[in-house]
Structures are given as structure tokens and as C-alpha cells.
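# Inside the fold
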Amino acid sequence: MAVLVIADHDGSAVRDTTHKTVTAALALSSEVDVLVVGEGAKAVADGAAKIAGVRKVLLAESAGLGKVLAEAVEATVLPLAGGYDAILTPATTDGKNFAPRIAAKLDVAPISDIVEVVSADTFVRPIYAGNALETIQSGDAKKVITVRPTAFAAAGEGGSAPVESVAGADAPKTTFVAEEMVKSDRPELGAAKIIVSGGRALGSAEEFHAVMEPLADKLGAAIGASRAAVDAGYAPNDYQVGQTGKVVAPMLYIAIGISGAIQHLAGMKDSKTIVAINKDPDAPIFQVADFGLVADYKTAVPELMSALG
Amino acid sequence: MKVLVPVKRVIDYNVKARVKADQSGVDLANVKMSMNPFDEIAVEEAVRLKEGKEHHAAGTATEIVVVSIGVTQAQETIRTALAMGADRGVLIQSDTDLEPLAVAKLLKAVVEEEKPDLVLMGKQSIDGDNNAVGQMLAALLDWPQATFAGKLVIEGGKATVTREVDGGLQTIAAELPAVVTVDLRLNTPRYASLPNIMKAKKKEIAMKAVADYGVDVADRLKVLKVTEPPKRAAGVKVESAAQLVESLKSAGVL
């Protein structure tokens, strides 16, 4: 059986979410092709060809694919679907947007956000905001799957797959209007090795930035926030870590003034090492923290800054 | 413009889901159930489209129909939406929890009957967390879709939607009819007032059966087991920031 991975990329290179999805695909089959959809994305396809274990890279281009419009991706993938037993893509906002659309057109049940491949037809995925894991077996001949990237190791480099062009479709009823991407010199939340995350205890947007930014810069970390901090307007919405925001699993996660609501824990509890700084000794965040410091962030963060040197 | 809002009765978002000892699923016996929070946001936006609240022109929506698929008690969920300002409801009774593909097929049949100009719905339900039905419904209808809406503008026969995507915001315009799925920050749903709750009791809820729609709702996925996620081992408390840095260094993290 052959598997198609629809790549996630930033317009110039594949993101490491693609490498992680290739790992999940290789657990299903040794015949893994990667489809790059975009506009002017030849360099991305050449990059994807270097991922170890990839058999072939397909490149489809159109204006609609440049903006990853779901209708364009669906119409591009459908003619290719006949050659594959499974179609995988990372569970990013793009993947979540187009994968179910493809599944419906193929009349198959989509399998969302898998964290483990048990066998070619059996997968594990979180439900109820990560409070339970379900193991499901698919009876469909063809499978459409989104993969939670943080649950898989990244496939290595060293491949040299051929790149082939395929027809790219457009989205006739949808037009792109604008986009507003947050620019930052800090690492991306999804890819960062260290994340410092702030909660509602910080009290204001000014305080959030004044406390979190110097610490993040000192550690070379990305900045995250709890939903409470985002809802209160202290941090922009793309900072949000949690079931309703981003699911992250960095080497080190430092939670500052975050109480640890269920939905926040669902987004970070797979981090390698968790540090919690909170003045409430009973905050639920301490139940998942490897190292807890019961202290007011106002004194703890400056002390942490000086201890880091 | 007619708006269809599908809603689901789910475990209340403040309740922690507990896995059954026999690993057959999550225990929902005697658990508080509520409208899926994302669906509540969809109902609120539909009502604002009718009332002309925020940036919407009054009367943008002329009729709001709420549909739910589920057990008899899902009538309460529909009633909640009617009390918020929806006009009438449809309940397709089902004692089993249907998969997203089956739900999308039933909703397609409802759309063909009701002929709405816009389907406004939550991006995902907080039980199955599939995030799939809206996209699948759009595909089955061959309609455009705009998912994860943080802002919605209806104008000139189009839904212009600002979507919450990884890394920022993307704005797209979808020709109506379309399916729009909503994200958390679109609005803050209202609490229904007592007079509106009373008024909602008189609004119509049509009772239907899955069989009325003649679509294949067979399960495609078999749940082999439902388990608790692995627990993290208890950590240690440190006394100071200096000790924290020391601990992180000796653990090889820094």
C-alpha cells in the first residue's frame, strides 16, 4: 500500500511538522510520497525530496493552493487519491481545514489528530480535550488522517526523491482577501525547544510583555500564554497554548502565573520538562510540573533572570 | 437570509471527563450536559445577524433554524438556542452517537430541505474533538467553506471571514451559500433572559428520526478501547529561582 503525505510549509521550505508526519506515514507503509501544494513552491518540493524515506515528491501549484484554500487542495488531491491507501497531513489549521473535506469527497471517515499508529488500520487519538485516549480501527479501504506532529519524531534528511509536477486546482467560489501573520524573531511556538508561558496572574498586557519578553530572549524561547491571559487581552491569540490553541511539546516548558486549567494542560503536558512558578501552592499546574516554585512571579522572574546569568 | 445552525449536546465544558473502568468509553451517567461551547458562539452570531448587532446590518438573517442530532434530551439544547433568539428547531433523534461523516450526511439532507443561505456551526465538539463536520458538510454540498472564524461579515452575497490560523489571521471571502465554522473569539454568547426562556417554550421543535432522511449512517470506525492518558510522575518543589536553575542544569535541560 502507498501513502500520500500532504506537506506543511512556509512557502520557502517544508516545516518539521512534515518530517514528523512522514514518520507516521512510514509506520503504515514503505511507499511514502509527499505532495507539496503551493504557488512558486519548487524550492519546497526540492526540500521535501531530501526527507529520508520519501519515494517521490509531487508538486501542484495554483493561486488558490498558494493560500492553501481547502477547496483547491481537495480538488487537487481527489484525482491523485486513487493511487493511495492513506492520505496523511499534519493537524495544523491548514490540515484540519482541508483533510475532512477530502475525506467526505472520498466517502470515508476522517481520523483526526492521531498520536500513535498501532497498525495499518488502528490508531490512537485524544478525545475530551486530552482527558481520554481512544484506540480506533478504521473499516474504510482508504484512510484520511491528520497527525499530531508533537507525538512523532521527525524523519531525517538524506533522501533524494524525484520531483514530479501534477495539476493544481483552484477554488472558484472562494477568494483570498488578506493575511496578517505575526512576525517575530523568536522561534515559532510549535517548533521551539523552550517555551515560556504566561497566565492571567500577570495582570495586564504591559506586564505580560515586560516580564515574558526579556526571559524569552535570555533563554532563546518562544512565548506562550494561557487562554485566560489571551481572553483578558494580555497576549495575542496565536500565543495560546491549550486544547483550543496550540498543542506543544518542547524540551522545557516554563509556566508563569498559570493555574493549570484542564484545557491548558491538554496543550502542554507532553513537554519533556515542565517548570511551574505560581504563588498558589494548590494550583493544579504543580501536579504536572517536574519542578515547582511556589513564589510570586514578581520576585521569582527577576531572580530567575539573574540566576541564569 | 436564512441561517441553519447545527448544535450538539455534549458534556459540560467545566466537567472533567472520566474514563469507564471497562474501557468502553467516557462515563456520561449523571454528568452535567450542555450545548457545545463552539455551537453556542455560532447561535450567538446568527442571532446578532438577525438583530443587527455589532457590525451586522439589522435583518441580515431573517430566519434562524437550529438542528440537533441526538437523544430526546437534546431538545433542551435546542430550547437553549431558541431562548437565545433562534426561531425554530429540528431534532433528529438518535440514541447512538453518530460519526462525523454520518452527521454531515444527515445535515446535508436537512440543508436540502431547509435551503439556508448560510450554515453557521462550531468548529468542533468538545467530546469527539474531530473538527470535521463543517468541512465535510461543505464538501458534500459542494459549497465553499470558511473554518475557524474569528470575524464574520455578510455583504454582497459573500461571507467574508477572518480565520484564526497558525501564525496569525487569514481573511477569505466565500460565495454564499457557504458553511462557516466558528472559533472561540468570534463573540461572547449571551445568557438568555427569563422572558425569552418563557417565549422559547412556545417555539416549534420538529421531531424527526434518522430513518426519515434515508441516508447511510453506519459507523466506519470501531472503538477498540478508551483509556486514561498516562499520568506524569510527581515532581519536586524547589525553594528558590537559583535552586531551580541548578536543578535544570543538573537534569541536563539547560
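Residues numbered from 1 in each chain as written. Chains lettered and ligands numbered in written order. Predicted model: local features only at pLDDT ≥ 70, side-chain atom pairs only at ≥ 80, totals over all residues. Heavy atoms only, no water.

The name given to chain B in an unreviewed UniProt entry is Electron transfer flavoprotein subunit beta, with the source organism recorded as Brevundimonas aurantiaca. In its Subunit (unreviewed entry) section, the UniProt entry covering chain B states "Heterodimer of an alpha and a beta subunit." (UniProt positions renumbered as here; feature names shortened; annotations may be inferred.)

For chain A, the name recorded in an unreviewed UniProt entry is Electron transfer flavoprotein subunit alpha, with Brevundimonas aurantiaca as its organism. Check the Sequence similarities (unreviewed entry) section of the UniProt entry for chain A; it says "Belongs to the ETF alpha-subunit/FixB family." The annotation that UniProt attaches to chain A under Function (unreviewed entry) is "The electron transfer flavoprotein serves as a specific electron acceptor for other dehydrogenases. It transfers the electrons to the main respiratory chain via ETF-ubiquinone oxidoreductase (ETF dehydrogenase)."

## Considerations on the domain arrangement of chain A
All names here are of chain A. We note that the domain assignment places domain 1 (2–166) and domain 2 (194–308) within chain A. Opposite the five residues of domain 1 that make contact, domain 2 presents seven residues. Summing both sides of the interface, domain 1 and domain 2 together bury roughly 530 Å²; the carbon and sulfur share of this comes to 53%. On the domain 1 side of the contact with domain 2, Ala129, Arg148 and Thr150 bury the most area, a combined 76% of that side's loss. Across the contact surface, domain 1 and domain 2 share zero residue pairs in polar contact (both at pLDDT 80 or more). Partitioned by chemical class, the residues of the side of domain 1 that touches domain 2 number one nonpolar, three polar and one charged. (Domains from an automatic or database assignment. Contact = heavy atoms within 4.5 Å. Buried area = accessible area lost by both parts, 1.4 Å probe. Polar contact = N/O pair within 3.5 Å; in protein donor to acceptor, adjacent residues only side chain to side chain. Nonpolar A, V, L, I, M, F, W, Y, C, P; charged D, E, K, R; others polar.)

## What about helix H9 (residues 297–308) of chain A?
Between its first and last C-alpha, H9(A) extends 15 Å over twelve residues, near the 16 Å set by a 1.5 Å rise per residue. For H9(A), the complete set of buried residues consists of A:Tyr297, A:Ala300, A:Val301, A:Leu304 and A:Met305. Down the axis of H9(A), the smallest arc covering the buried residues is 135 degrees, so these residues share one side. Looking at H9(A), the residues exposed on the side facing more than 90 degrees away from the buried face are A:Lys298 and A:Ser306. Where H9(A) is buried, its residues meet helix H6 (205–219), strand E14 (252–256), strand E15 (273–278) and strand E16 (291–294) of chain A together with helix H6 (241–250) of chain B. The backbone nitrogen of A:Lys298 lies 3.0 Å from a side-chain oxygen of the residue at the head of H9(A), namely A:Asp296. Positive backbone phi, approximately 80 degrees, marks A:Gly309, located one or two places after H9(A). (Helix = DSSP H or I, 4+ residues; strand = E, 2+ residues; numbered from the N terminus. Expected span 1.5 Å × (residues − 1). Buried < 20%, exposed > 50% of the residue type's maximum accessible area, 1.4 Å probe, protein only. Arc of directions from axis to C-beta.)

## Side note on the sheet that holds strand E2 (residues 31–38) of chain A
Residues and elements named next belong to chain A. Here seven strands make up an open sheet; going across it, the order is E5-E9-E4-E1-E2-E3-E10 and the pairing parallel. For this open sheet the edge positions go to strand E5 (110–114) and strand E10 (163–166), each flanked by a neighbour on one side alone. Looking at each pair of strands side by side, their axes are set apart by 25 degrees on average, direction ignored. Pairing of E5 with strand E9 (residues 143–147) involves three bridges; the strand directions are parallel. Within the sheet, the bridge partner assigned to Pro110 lies in E9 and is Val144. (Pairing = 2+ DSSP bridges. Axes fitted to C-alpha atoms, helices over the stretch in contact; angles between N-to-C directions.)

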